[in-house]
Structures are given as C-alpha cells and as structure tokens.
Amino acid sequence: MDLLALADFNLVARHGGFGRAARATGRPKATLSRRVSELEAALGVRLFERGARDLKLSEEGRALHARSAALLTELEETATAIASGAERPRGTLRISAPLLFSQMAMGRIAAGFVRDYPEVRLEVTTDDRAVDMIEEGFDLVIRVNPRPDESLVGRAFIRDRLVVVAPPSFERPADGGAVPAVVRGAADPQSVWKLKAAGEAQALSVEPVLSLASMVMVRDAVRLGAGAGRLPLSLVGRDLAAGRLICWGDSDAPETELWALYPSRRLLSARVSAFLAHLARLFPTGSPEELAALIDGGSGTG
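The rules behind each value
Residues numbered from 1 in each chain as written. Predicted model: local features only at pLDDT ≥ 70, side-chain atom pairs only at ≥ 80, totals over all residues. Heavy atoms only, no water. Pairing = 2+ DSSP bridges. Helix = DSSP H or I, 4+ residues; strand = E, 2+ residues; numbered from the N terminus. Axes fitted to C-alpha atoms, helices over the stretch in contact; angles between N-to-C directions. Contact = heavy atoms within 4.5 Å. pLDDT = per-residue confidence, 0-100. Buried < 20%, exposed > 50% of the residue type's maximum accessible area, 1.4 Å probe, protein only. Polar contact = N/O pair within 3.5 Å; in protein donor to acceptor, adjacent residues only side chain to side chain. Core = buried A, V, L, I, M, F, W, Y, C linked by side-chain atoms within 4.5 Å.

### Observations concerning the sheet that holds strand 12 (residues 246-251)
Hydrogen bonds between backbone atoms are what pair the strands of a sheet, whose relative direction is either parallel or antiparallel.
Reasoning step 1: Around the barrel, six strands lie side by side as 7-11-8-10-9-12; this closed barrel has mixed pairing. Sheet twist, expressed as the mean angle between neighbouring strand axes with direction ignored, is 50°.
Reasoning step 2: Across four bridges, the pairing between strand 7 (residues 162-166) and strand 11 (residues 228-232) is antiparallel. What sits directly across from Leu-162, in strand 11, is Pro-232.
Reasoning step 3: Contacting strand 7, strand 8 (178-183), strand 10 (200-211) and strand 11, helix 7 (residues 215-223) crosses the sheet at an angle of about 140° to strand 11.
Reasoning step 4: Strand contacts of helix 8 (residues 233-242): strand 7, strand 11 and strand 12, with the helix running at about 120° to strand 11, the strand carrying the most contacts.

Take a look at the structure:
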C-alpha cells in the first residue's frame, strides 16, 4: 500500500473534502483527488461517496480512516522525535475513564498532567462500558477489574477495597443481625454483607432502606444517617478520619483494581508513556489511601 496515498486519504477524510483539505494544507486539490483515486483502485473499494455538493466516507472508508489515522500520526511523531534527537510528549491524548473515578479524581490528575506537559492536549471521556480503543480512537483507557484481553496491555495503578461504614450513632448488630442499609441499585443485590472486624468474620442481614444509582449518592445518604453502606475505602477515607463515619469492618468482596490499558500492537507514544509515569508518581504504592488523599486535594496536581 502507498503510504503517501494513505496519508492523503486521511487528510481528506479529516477535513471532510478535497477542497477543504487543499486549502488547509496548501496541497493541490487535483493531486489529493488523484492520490485517493489511486488508493481506491489499489484496494478495489470506494472510500468516499461523492455527491453533487458533499463528500462522505463510505463504510470501507470509515473503517480504514479509524484504523490508519492513529498509526500514521504515531509514525510521523516517531520520525519527528528521531530527527530532533529527543521525543517530547506533544499532540492530543484521548483517554476513556469510568464515571465515578472521573468525577472524583480525573480533574486533579488531568490538571497536574497538562501542567507538566503543556504541549499535550488531554481529552478525557467518561464511560463505564468497555470501549473499542481502535475503532473509537482512544490512546489509553482506564478500566475497573478488566477482563483479560490479548489486544491490550497495561498495569494496575490503584487497588481499592470495600468497607462497611455507618454513622457513629449506629450500633453495629451482632453476628447475623439485621442492618438498615443504603445500597447501590441492582449492582449491590446481596441480602447479606460478610465482613471482617478485629480479625473475626461476621455476617449482617441487609435490609435496604434506599437504593441509589451511584456510590457518591450512597456515601452522601450514609453520611446523613439513612443507613449503613458498603463503599470503597478511597471514597470514605476522609469521613473515617474525621469521625463522621465509623468502619464496621472490611467487606469480603474482591479487591477493586483500576488499570491503565493501551493497544498491544500500537507503538507506545511519548504521550501515553508520560501519562503512565504521571500515574506512577501520584500513586507510588497504588493504595486506596493514596487515591483518598488525591480526592481530598492533598496531592491534587503533584
């Protein structure tokens, strides 16, 4: 495949037409049109649907643009870095992150990153679904307890755990006792909370008084005395330290891991490397206490 023709195709696709691409780059419109036609002939498919007034990518064109644009950008950046003798992070870094983590921490993380790397434009999208990194054009995704995926590599940078907490006015029931509980909708359907307190196992019968859509809502309701709750330690660390809530024990639920992942077949760009290093500086041990400190603003942009 002719890489120059592929580059011209992506140029036209990015600008939405031959004329706009020519005006933006100073390239002759006829040259761009010829290159794209040659690429279509070589592939045996139509990459653009040419109307009387507009130009739209065909289905095959959309697929080629989605898969080749990022790779061409990486090749260009690598060549530039080699020519300059050093690779400095620059350009756009697109990240997908879970909603709760984004609401509580990504603003502080992002502010510190762009302060340290001013030539990078950081774009963060919040989404709890498993996005397709290649098709949707993300450089890096943050996922909670991701399933094994041979197409992705990365590392866990935070390990959190669930604890059962309650207002100080609540008395913890004896083993097997019932507790008024604030639960997170269908995501927390258990009728029994098993926990460890002072080295001993205990089970509490859950009697939901509120079912809410997010962990933040659950925490706020527990703070105001609606019931006990099972929440991430990072989310209630400040409340426990201040005495607004008390911890009845660690839940026996599996540990929650936050992973930073990127495509295994893609060259690791300087932008992604810099962001991974930024996470490592913020969370050197990956403990929930480090995440709680960031949420509370103690190390906001460090």
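### Examining the confidence of the model for the protein
Reasoning step 1: Overall, the prediction assigns the protein a mean pLDDT of 85, with 90% of residues at 70 or greater.
Reasoning step 2: At the low end of the mean pLDDT range in the protein sits helix 4 (residues 59-84), at 73; at the high end sits strand 7, at 95.
Reasoning step 3: The model gives residues 298-302 a pLDDT under 50, and that stretch makes 14 contacts with residues more than four places away or in other chains.

### Focus on the side chain of His-278
Reasoning step 1: Tracing the backbone shows His-278 in helix 9 (residues 270-282).
Reasoning step 2: We classify His-278 as buried; its relative accessible area is 0%.
Reasoning step 3: A polar side-chain atom of His-278 sits 3.4 Å from the main-chain amide nitrogen of Phe-113.

### With respect to the sheet that holds strand 4 (residues 120-126)
Reasoning step 1: Pairing is mixed in the open sheet, where five strands are placed in the order 4-3-5-13-6. The strands lining the two open edges of the sheet, one partner per strand, are strand 4 and strand 6 (152-160). If you compare each strand with its neighbour and ignore which way they point, the axes differ by 20° on average.
Reasoning step 2: Helix 5 (residues 99-116) contacts strand 3 (91-97), strand 4, strand 5 (140-144), strand 6 and strand 13 (256-263) of the sheet and is inclined by roughly 175° relative to strand 4.
Reasoning step 3: Sitting on the sheet, helix 9 is in contact with strand 3, strand 4, strand 5, strand 6 and strand 13, with an inclination near 50° to strand 3.

### A word on the nonpolar core
Reasoning step 1: Within the largest apolar cluster, 45 residues are counted, with the highest numbers of intra-cluster contacts made by Phe-101, Ile-109, Phe-157, Phe-275 and Phe-283.
Reasoning step 2: With seven residues, helix 5 is the single largest residue contributor to this core.
Reasoning step 3: Leave out the neighbours within four places in its chain, and Phe-275 touches Leu-93, Ile-95, Met-106, Ile-109, Phe-113, Leu-122 and Leu-140.
Reasoning step 4: Of all hydrophobic cores here, the second largest spans 17 residues; its members include Leu-6, Phe-9, Ala-21 and Leu-64.

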